[in-house]
Amino acid sequence: MKKLINQQPARPARWMLGTLPFILLIFFYMGASNARLEENPNDKLLPAFGSFVDAIDRLAFQPSKRSGEYVFWQDTLSSLQRLAIGVGISALIALVLGVSNGTIPYLRAGLSPMITAISLVPPMAILPVLFIVFGLGEVSKIVLIAIGITPFLVRDMQQRVLEIPSEQLIKAQTLGANTWQIILRVVLPQVMPRLLASVRLSLGAAWLFLIAAEAIASTDGLGYRIFLVRRYLAMDVILPYVLWITLLAFVIDYLLRKLSLWRYPWFHDQTPEGS
Amino acid sequence: MSYITINNVWKEYGDQVVLERINNRVEQGDVITIVGASGCGKTTFLKMLLGTEAPSRGDICIEGEPLRYEPDSQRGIVFQRYSVFPHLTVLQNVLLSREFEASPLLARLFAGRRQKAREEAQEMIDAVGLGAALDKYPHELSGGMQQRLAIAQALIKKPRILLLDEPFGALDPGIRADMHQLVLKLWREYRLTIFMITHDLKEGFYLGTRLWVFDKVRVDPQAPGAFGARITYDMPVGSIDASAGNKIHQALAEPPVTEQPAITE
Ligand SMILES: Nc1ncnc2c1ncn2[C@@H]1O[C@H](COP(=O)(O)OP(=O)(O)O)[C@@H](O)[C@H]1O
Ligand SMILES: [Mg+2]
């Protein structure tokens, strides 16, 4: 008998072991839901699966009586749009600031302390300020996401640039490159896959800020809907929405990873962090 | 006037004197191989020639002009590692200097000009025996192939001075012999002036026209950093006889060999 740390499950076994907790969870939920509904058919806490299907059917496949929109898709579109713009702007700022700070010592000396200070401000604490300054519209939600994740991304990018071996920068100079050419051909292409990796890491925080902003001031969006129906204890809407958000987060992460693998094969083959 | 003159160069890091009173002259086409105990300042010396470190005292002149302490295209370098760009293929790595040269803003070449540069790059890649690996990334190459790529990349820029810091240290003996032939061939073709650090004395004898030994002349046991290394031997490789060879071995604190060192050229 091998020691426990040396025993590896075979592929099918690993697959089964991986799905088992999910199946158990579903069964556990069904049992608990049945028990409660038997006691009180109007119980709202743990609705039966049929209620989820009804709720999704109502929200996703029938136009809303009030606005004529398909609420589920409208919420999804609004949220994804805010997320994409917020994260996109953050990534762009991070790329520009991180690369220029990382390569030009004078810029770094001037900007680094400020960026560190900004990154220490708790974004949720200045949400009221954003609402006052930018109003309750789209801008303040996007700005909250940007404020929430940009400092992390900038600092990470700067760090990644500084990690490029100095030999490479020296080599480029002996090949006749000026500062701009080094940034363009040596630094930028090498930090792009690292930017994708940090964006993937920061997406969790981006969702957090998005849902928080939508919960507080919005008229649509996934976060808005969840907090709206909470008043009626509508678990039949909340739980499918949470699952949907989880699935969206998973798909976005997966797509970013595929994009990185496709565009930057050299990165994933040589660094363990990239694979 | 000599091609390169080194005038009373010192290098200190804080209290530690690494190099002291380095004086020498080098002619165009010399191949200087540099040996010395680990940590005695060989790389530091090469960095001063490269321009990434400035001497604490003294100066280095090339054709009478004081050296600029910033790397430029006059001096090519091959480091022990990290010498090639991991995000570029073999061809792109070698093309890069042409693109820097021809396109200040985009650093890229297109169409006809790219084709011309590509032919030239291909020639250089063939010369180092990487013709079959044009579109491979560095991580797909062995250590020896990466060093050959680094040499091709440095040489296409036609630097007048080529600096090599233990470039073949990590390679197998067979591949090393190939690399030696390559360096000698390119040296003859381009009339380069080469400085090469090696920890392999045989390699030093074989490749060099001159061999320099870096060593501390004075040592203060109470303060190991008080004195720096100097060039204790500087001789044309052809003139090294057995007794000089033994002295060099002693300086390197290696067991002396009795055989006559191999002599080239
Ligand atoms: N940037 C630096 N700061 C302080 N000390 C250094 C620096 N670079 C090298 N040294 C010291 O200088 C000495 C010579 O280093 P180096 O030139 O790398 O030796 P070698 O290449 O001969 O092995 C070493 O003792 C090293 O610790
Ligand atoms: Mg060294």
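Given the structure is predicted, the values throughout are model-derived calculations rather than measurements.

*Asks:* What is the right way to read the interface of chain A and chain B from this model?
*Replies:* How big an interface is tends to be expressed through the accessible area that disappears when the partners come together. With 23 residues of chain A at the contact, the number on the chain B side is 34 residues. Buried surface at the junction of chain A and chain B, summed over both partners, amounts to about 2500 Å²; 65% is from carbon and sulfur atoms. When the buried surface of chain A facing chain B is broken down by residue, A:Lys171, A:Leu175 and A:Arg185 rank first, second and third, together holding 32% of it. Viewed at the interface, chain B and chain A are joined by one salt bridge. Across the pair B:Glu99 and A:Arg185 runs a salt bridge, and its minimum N-O distance is 2.8 Å. For the interface between chain A and chain B, the tally reads ten residue pairs in polar contact (both at pLDDT 80 or more). Counting only elements with at least two residues in the side of chain A that touches chain B, the list comes to helix 7 (166–174), helix 8 (179–216) and helix 11 (265–270) of chain A. Across the side of chain A that touches chain B, the residue classes tally to eleven nonpolar, eight polar and four charged.

*Asks:* What am I meant to see in empty space enclosed by the protein here?
*Replies:* Vacant regions in the atomic arrangement are exposed by a probe of water-molecule size rolled over the atoms. Residues and elements named next belong to chain B. Taken as a whole and judged by the stated rule, the model has two cavities of 30 Å³ or more. In this model, the second largest cavity occupies a volume close to 30 Å³. Lining the second largest cavity, in full, are Ile151, Leu155, Leu162, Val183, Leu186, Trp187, Leu192 and Ile194. Among the secondary structure elements, those contributing two or more residues to the lining of the second largest cavity are helix 4 (143–155) and helix 5 (173–190). Top element by residues in the lining of the second largest cavity is helix 5. It accounts for three residues. Among the residues making up the lining of the second largest cavity, the classes are represented as eight nonpolar, no polar and no charged.

*Asks:* Mind showing me how you'd approach the environment of A:Ile226 here?
*Replies:* Residue and element names in this part refer to chain A. Tracing the backbone shows isoleucine 226 in helix 9 (residues 222–229). On the accessibility criterion, isoleucine 226 (13% relative accessible area) is buried. Taking the C-alpha atoms as reference points, isoleucine 226 and glutamate 214, separated by twelve residues in sequence, lie 9.6 Å from one another. Once residues within four sequence positions are removed from consideration, isoleucine 226 is found in contact with Ile238, Tyr241, Val242 and Ile245.

*Asks:* Hey, could you run me through helix 2 (residues 90–102) of chain B in this one?
*Replies:* Residues that lie three or four places apart on an α-helix share one face, since the helix turns once every 3.6 residues. For helix 2 of chain B, which comprises 13 residues, the first-to-last C-alpha distance of 19 Å matches the rise-based estimate of 18 Å (1.5 Å per residue) to within 8%. Its maximal kink placed at B:Leu96, helix 2 of chain B deviates by approximately 40°. By the criterion of burial, helix 2 of chain B is predominantly enclosed, with ten of the 13 residues buried. Among all positions in helix 2 of chain B, only B:Val90, B:Leu91, B:Asn93, B:Val94, B:Leu95, B:Leu96, B:Ser97, B:Arg98, B:Glu99 and B:Phe100 are buried. The inward-facing, buried residues of helix 2 of chain B abut helix 7 and helix 8 of chain A together with helix 3 (111–127) and helix 4 of chain B.

*Asks:* Whenever I open this one, the domain arrangement of chain B confuses me. Can you help?
*Replies:* Residues and elements named next belong to chain B. Once the domains are mapped, chain B shows domain 1 (1–74 + 159–265) and domain 2 (86–158). With 15 residues of domain 1 at the contact, the number on the domain 2 side is twelve residues. Taken over both partners, the interface formed by domain 1 and domain 2 buries close to 1200 Å², and the fraction arising from carbon and sulfur atoms is 80%. Where domain 1 packs against domain 2, one counts zero salt bridges. Scanning the region where domain 1 abuts domain 2 turns up one residue pair in polar contact (both at pLDDT 80 or more). It is helix 5 that provides the largest number of residues to the side of domain 1 that touches domain 2, a total of seven residues. Taken together, the residues that form the side of domain 1 that touches domain 2 break down as twelve nonpolar, one polar and two charged.

Basis of the calculations
- Residues numbered from 1 in each chain as written.
- Chains lettered and ligands numbered in written order.
- Predicted model: local features only at pLDDT ≥ 70, side-chain atom pairs only at ≥ 80, totals over all residues.
- Heavy atoms only, no water.
- Contact = heavy atoms within 4.5 Å.
- Buried area = accessible area lost by both parts, 1.4 Å probe.
- Salt bridge = Lys/Arg side-chain N within 4 Å of Asp/Glu carboxyl O.
- Polar contact = N/O pair within 3.5 Å; in protein donor to acceptor, adjacent residues only side chain to side chain.
- Helix = DSSP H or I, 4+ residues; strand = E, 2+ residues; numbered from the N terminus.
- Nonpolar A, V, L, I, M, F, W, Y, C, P; charged D, E, K, R; others polar.
- 1 Å grid on protein atoms, 1.4 Å probe; cavity = no way out; pocket = protein on both sides within 12 Å on 5 of 7 lines; lining within 4 Å.
- Points joined across faces, edges and corners; volume = space filled by probe spheres on them.
- Buried < 20%, exposed > 50% of the residue type's maximum accessible area, 1.4 Å probe, protein only.
- Expected span 1.5 Å × (residues − 1).
- Bend = angle between axes of the 7 residues up to and from the residue.
- Domains from an automatic or database assignment.

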